[in-house]
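# Notes for the structure review
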Amino acid sequence: MSQIYVDLLKKVRENKPLVHHITNYVTVNDCANITLAIGASPVMADAIEEAADISAIAQALVLNMGTLNARTVASMIAAGKSANKKGIPVVFDPVGAGASSFRNETAALIIKEIKLGVIRGNISEIRFVAGLGSQTKGVDASESDLAGGNAGQTAKELAQKLGCVVVVSGAVDTVSDGTKIILVENGHPMLGNLTGTGCMCSSLIGSFCGAAPDELLYASATAMMSMGIAGELAYTHAGQKGNGSFRAALHNAISLMDGQTLEKKAKFHEA
Amino acid sequence: MSQIYVDLLKKVRENKPLVHHITNYVTVNDCANITLAIGASPVMADAIEEAADISAIAQALVLNMGTLNARTVASMIAAGKSANKKGIPVVFDPVGAGASSFRNETAALIIKEIKLGVIRGNISEIRFVAGLGSQTKGVDASESDLAGGNAGQTAKELAQKLGCVVVVSGAVDTVSDGTKIILVENGHPMLGNLTGTGCMCSSLIGSFCGAAPDELLYASATAMMSMGIAGELAYTHAGQKGNGSFRAALHNAISLMDGQTLEKKAKFHEA
Amino acid sequence: MSQIYVDLLKKVRENKPLVHHITNYVTVNDCANITLAIGASPVMADAIEEAADISAIAQALVLNMGTLNARTVASMIAAGKSANKKGIPVVFDPVGAGASSFRNETAALIIKEIKLGVIRGNISEIRFVAGLGSQTKGVDASESDLAGGNAGQTAKELAQKLGCVVVVSGAVDTVSDGTKIILVENGHPMLGNLTGTGCMCSSLIGSFCGAAPDELLYASATAMMSMGIAGELAYTHAGQKGNGSFRAALHNAISLMDGQTLEKKAKFHEA
């Protein structure tokens, strides 16, 4: 495999970027732990009184609208503007876009007000953000979008439109900067049986992008590979035991991820 | 055992109901994961701007007042009214009722404003909601209520009064619709050593009721059996190892729960 | 070792103190579970409408400013005043003090308005609270503070100034009441790879202090020993497996902690 992915993992471990999150209270603990497991440093702070200050000392910002409310939306905007001013990458996870007017308007506001580095979502969320029709089932992709969503084309066009990297999570993850498309084939269906695996992907993207702000496309792809490979390893070690053991094994695998494992296990191609 | 319990589990797995939660931030991750583990789909959304909208696309609503505040109380009422309008079951978990005026008033408000499908709590909480004297120790049942709380009679009368199913969790779980009483004898004391096992019961009830809205009594009983059996299995597999392993084993057991295990392990009788 | 530590653990298990937390949503589940694992009883309640009422029925109060906001700051003050009035110990964890003006002002406000029993933080946080220069990296201690922070002297002087016990977490934990200094040498570097291990220390301190409000120095030291020993045991049992297994093993070890383990494993000296 290309040495670039291995080098990016090394960079995270060496630079230990501080990743500011404004995220949901459902999966925030998993996000903090996965950020530590990959070698970065998480800080969660959503008060309007400090959101901009915390982004100003961070190397990346992750905005995740899983359990948004009026108070945190204002903080997301303030943090995003601070991140833009400082020039650190902003990763946006439009959880549940399409499921309510409030989420839809918030997603639109964030895209309008903040220069994003990466957007990551499932096909329903990304189709909604791209202004295409979509259906969601709460915070999960709908079956019709999964069947006909055309992730590659959607990602590429949205990336061009917004001038950022777009990641569509799925059985195959699609990563595009508007020019290239990287398809990451790692992963395991059992990841869908745990809450927060999407949110954790966004935290990993924040970690890699914080360590390598000039390589957002490859940083995002390496994050997705890491999670996919970790899912495969977790299934091998603990999948038969059930969800609780699988979850611990997933965190194990991210914390033990190294260049050799990436080289051996990564399955991807550039389209 | 009656085939109805086995069929209800099958229905959850087949229908994958979307269960809207407005719940506390202490155990929300466990609630989301247990909902996924039993085969349903969780969505957590507590902003007043979207609470009603999200309930309108769900198959059940769970209101849990573990860490309530003025903002989320308003959202609970809005979500509850939306759920009532749509006709989906509302499960209410009056965490800590009796422990503060704020909790007491909120419980009363929810009961007044919303047509509930199921109320689940420990004996202290249920006695408080029923207007009987009760003592609580924070969010746990008091020893005096445990000794003399008379769960069966209390559950039956409260069920009649409110026209809903009442579940009293304890060493033996009591489930009544005001006519029948089902006593579920599964469980293990170690469940009391983990936070959130009560909340997870309410999420399981939401999952079963969302899949079978016309069978709230049996749906609630199956949820309690599932948790009780999972506790027994988790103790067998990991109880000696300590709380962390027991917790993972509990999630394992719910994710692997099947009709055969229910049939073999369920201990209950109708009174 | 001195019998006092063993007796304090016994007291927690016998008295099962109710520990009211106003804490962050990142690690709150770990805090609740570790409080249960050591034998105490957690209650989390942060609404201004009930904060004072809940403290009034508790045996200890833990204030943790990990994800503070204007709403919860007001509740912390109300709960703290209620705890002071009742005479129960207040444990303050100034997470991220030094990282933003909002955190700095909140820490100053809490210290001004509330009579604290124990303050616990890393060297950067404690140096900031003590009015010494400090640098933080988000919520982690900076390398310069770790190298030259002089934990013993800082803890002792701050303890004298505020009339409370001060705990500085680190490779060696420093506990001082302004007269004595206890150095606890238990622990393992892997604890730094999990989120919430500091917060859990504060919850354990709350548990021990709630059980022994007249022995805050030794109660705090026993809490730190318990966490340190648990970290060592968790590393031995699961460290090689990765972060997820280490985390479960840490909770296992706290739940299985007993006098014999304390006696055998504790490494500390009074300075």
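Please read all numbers here as calculations on a predicted model, not as lab measurements.

### Regarding the overall build of chain A
Within chain A, the regular secondary structure consists of 12 helices and 11 strands. Whereas a compact globule of 271 residues would reach a radius of gyration of roughly 18 Å, chain A reaches 17 Å, a difference of no more than 12%. Based on the C-alpha atoms only, the size of chain A along its principal axes is roughly 40 × 40 × 35 Å. Counting over 271 residues, chain A shows a buried share of 68%. When contacts within chain A are restricted to residue pairs at least 6 apart in sequence, those whose partners lie at least 24 apart make up 72%.

### With respect to the interface of chain C and chain B
One widely used convention gives an interface's size as the accessible area the parts lose upon coming together. Taken together, the 29 residues of chain C in the interface contact 26 residues of chain B. When residues of the side of chain C that touches chain B are traced back to their parent elements, those giving at least two are α2 (28-38), β2 (41-44), α3 (51-56) and α11 (243-256) of chain C. Residue contributions to the side of chain C that touches chain B peak at nine residues, all from α11 of chain C. When its residues are assigned to classes, the side of chain C that touches chain B shows 18 nonpolar, six polar and five charged.

### A closer look at the relation of the copies chain C and chain B
For the pair chain C and chain B, the relating rotation is 120°, the translation along its axis is 0.0 Å, and the fit reaches an RMSD of 0.0 Å. The superposition operator between the copies reduces to a three-fold rotation axis. Minimal C-alpha separation from the rotation axis in chain C is found for Y25 of chain C, amounting to 3.5 Å. Little of the interface of chain C is mirrored in chain B, where only 10% of its interface residues again form contacts.

### Quick word on the interface of chain C and chain A
Opposite the 26 residues of chain C that make contact, chain A presents 29 residues. Only α5 (101-113) and α11 of chain C provide two or more residues apiece to the side of chain C that touches chain A. Element by element, the count of residues in the side of chain C that touches chain A is highest for α11 of chain C, at four residues. Per-class residue counts for the side of chain C that touches chain A are nine nonpolar, 13 polar and four charged.

### Some remarks on the packing of helix α10 (residues 216-238) of chain A against helix α11 (residues 243-256) of chain A
Residue and element names in this part refer to chain A. Between α10 and α11, the least distance of the axes is 8 Å, while the angle of their chain directions is 130°. As judged from the angle between their axes, α10 and α11 are oblique. As for the relative orientation of α10 and α11, their crossing is right-handed in sense. Residue-level inspection shows S226, A230, G231, L233, A234, Y235, H237 and A238 of α10 in contact with α11, the latter providing S245, F246, A249, L250, A253 and I254. In terms of residue class, the contact of α10 with α11 is made up of 10 nonpolar, four polar and no charged.

### Some remarks on the sheet that holds strand β2 (residues 41-44) of chain B
All names here are of chain B. An order of β2-β1-β3-β4-β5-β8-β9-β10-β11 is seen for the nine strands of this open sheet, with the pairing classed as mixed. At either margin of the open sheet sits one strand with a lone partner, and together these are β2 and β11 (268-270). Across the sheet, the mean angle from the axis of one strand to that of its neighbour is 20°, orientation sign disregarded. When strand β10 (residues 181-184) meets β11, the two strands line up antiparallel, connected through three bridges.

### As for the environment of A219 of chain C
Residues and elements named next belong to chain C. Tracing the backbone shows A219 in helix α10 (residues 216-238). Distance in space between the C-alpha atoms of A219 and L8 is 6.6 Å, their sequence separation being 211 residues. Once residues within four sequence positions are removed from consideration, A219 is found in contact with L8, I205, F208, C209 and A212.

### Quick notes on the relation of the copies chain C and chain A
Rotating chain C by 120° and moving it 0.0 Å along the rotation axis overlays it on chain A with an RMSD of 0.0 Å. An overlap of only 12% is found between the interface residues of chain C and their copies at the interface of chain A, pointing to separate contact surfaces.

### Comments concerning helix α2 (residues 28-38) of chain A
Residue and element names in this part refer to chain A. Burial analysis of α2 places 11 of its 11 residues in the buried class, which makes it a mostly covered element. Residues of α2 that are buried include every one of V28, N29, D30, C31, A32, N33, I34, T35, L36, A37 and I38, and no others. Phi turns positive one or two residues past the end of α2, at G39, with a value near 115°.

### Re the confidence of the model for chain A
In this model, chain A carries a mean pLDDT of 95, and residues with pLDDT of at least 70 account for 97%. Confidence estimates for the predicted assembly give a pTM of 0.97 and an ipTM of 0.95.

### As for the sheet that holds β2 of chain C
Residues and elements named next belong to chain C. Strand order in this open sheet of nine strands is β2-β1-β3-β4-β5-β8-β9-β10-β11, and the pairing throughout is mixed. Each edge of the open sheet is held by one strand with a lone partner, namely β2 and β11 (268-270). Within this sheet the neighbouring strands show an average axis-to-axis angle of 20°, counted without direction. In the packing of helix α8 (residues 151-162) onto the sheet, the strands contacted are β8 (165-169), β9 (173-176) and β10 (181-184), and the crossing angle to β8 comes to about 155°.

### Examining the pairing of strand β9 (residues 173-176) of chain A
All names here are of chain A. Side-chain alternation along β9 places D173 and V175 on one buried face and T174 and S176 on a second face that is also buried. In this sheet, β9 lies alongside strand β8 (residues 165-169) in antiparallel orientation, the contact comprising three bridges. The partner of V166 across the bridge, within β9, is S176. Here β8 folds back onto β9 in antiparallel fashion, the turn holding three residues. As paired strands, β9 and strand β10 (residues 181-184) are joined by four bridges and run antiparallel to one another. Bridging from a neighbouring strand, V175 pairs with I182 of β10.

### Some points on the packing of α11 of chain A against helix α11 (residues 243-256) of chain B
For the pair α11 of chain A and α11 of chain B, the least separation of the axes is 5 Å and the interaxial angle reads 125°. As the angle between them shows, α11 of chain A and α11 of chain B are arranged oblique. Each of N243, G244, S245 and A248 of chain A in α11 of chain A lies in contact with α11 of chain B, whose residues at this interface are R247, A248, A249, L250, H251, N252 and S255 of chain B. Residue composition of the contact of α11 of chain A with α11 of chain B, grouped by class: four nonpolar, six polar and one charged.

### Considering the pairing of strand β5 (residues 118-122) of chain A
Residue and element names in this part refer to chain A. Counting buried residues along β5, five of its five residues qualify, which places the element largely inside the surrounding structure. Judged from the two bridges that link them, strand β4 (residues 90-93) and β5 form a sheet pairing that is parallel. Following the sheet pairing, V91 is matched in β5 by V118. Handedness of the β-α-β unit built from β4, helix α5 (residues 101-113) and β5 comes out right-handed. In terms of strand pairing, β5 meets β8 through five bridges, oriented parallel. Bridge pairing in β8 places R120 opposite V167.

### Describing helix α10 (residues 216-238) of chain B
The end-to-end C-alpha distance of α10 of chain B is 32 Å, a good match for the 33 Å that 23 residues give at a rise of 1.5 Å each. Counting buried residues in α10 of chain B gives 19 out of 23 residues, a clear majority hidden from the surface.

### Comments concerning unusual backbone geometry
One non-glycine residue, K16 of chain B, lies in the positive phi region at around 45°. Here K16 of chain B lies in the loop between α1 (3-15) and β1 (18-22).

Rules used in this analysis
- Residues numbered from 1 in each chain as written.
- Chains lettered and ligands numbered in written order.
- Predicted model: local features only at pLDDT ≥ 70, side-chain atom pairs only at ≥ 80, totals over all residues.
- Helix = DSSP H or I, 4+ residues; strand = E, 2+ residues; numbered from the N terminus.
- Rg over C-alpha atoms; globule rule 2.2 N^0.38 Å.
- Buried ≥ 20, exposed ≤ 12 C-beta atoms within 10 Å, placed from the backbone.
- Contact = placed C-beta atoms within 7 Å.
- Nonpolar A, V, L, I, M, F, W, Y, C, P; charged D, E, K, R; others polar.
- Least-squares fit on C-alpha atoms with pLDDT ≥ 70 in both.
- Axes fitted to C-alpha atoms, helices over the stretch in contact; angles between N-to-C directions.
- Parallel < 35°, antiparallel > 145°, perpendicular 65-115°, else oblique.
- Left-handed = near helix turned anticlockwise from the far one by under 90°.
- Pairing = 2+ DSSP bridges.
- pLDDT = per-residue confidence, 0-100.
- Right-handed = clockwise from strand over helix to strand, strands pointing away.
- Expected span 1.5 Å × (residues − 1).

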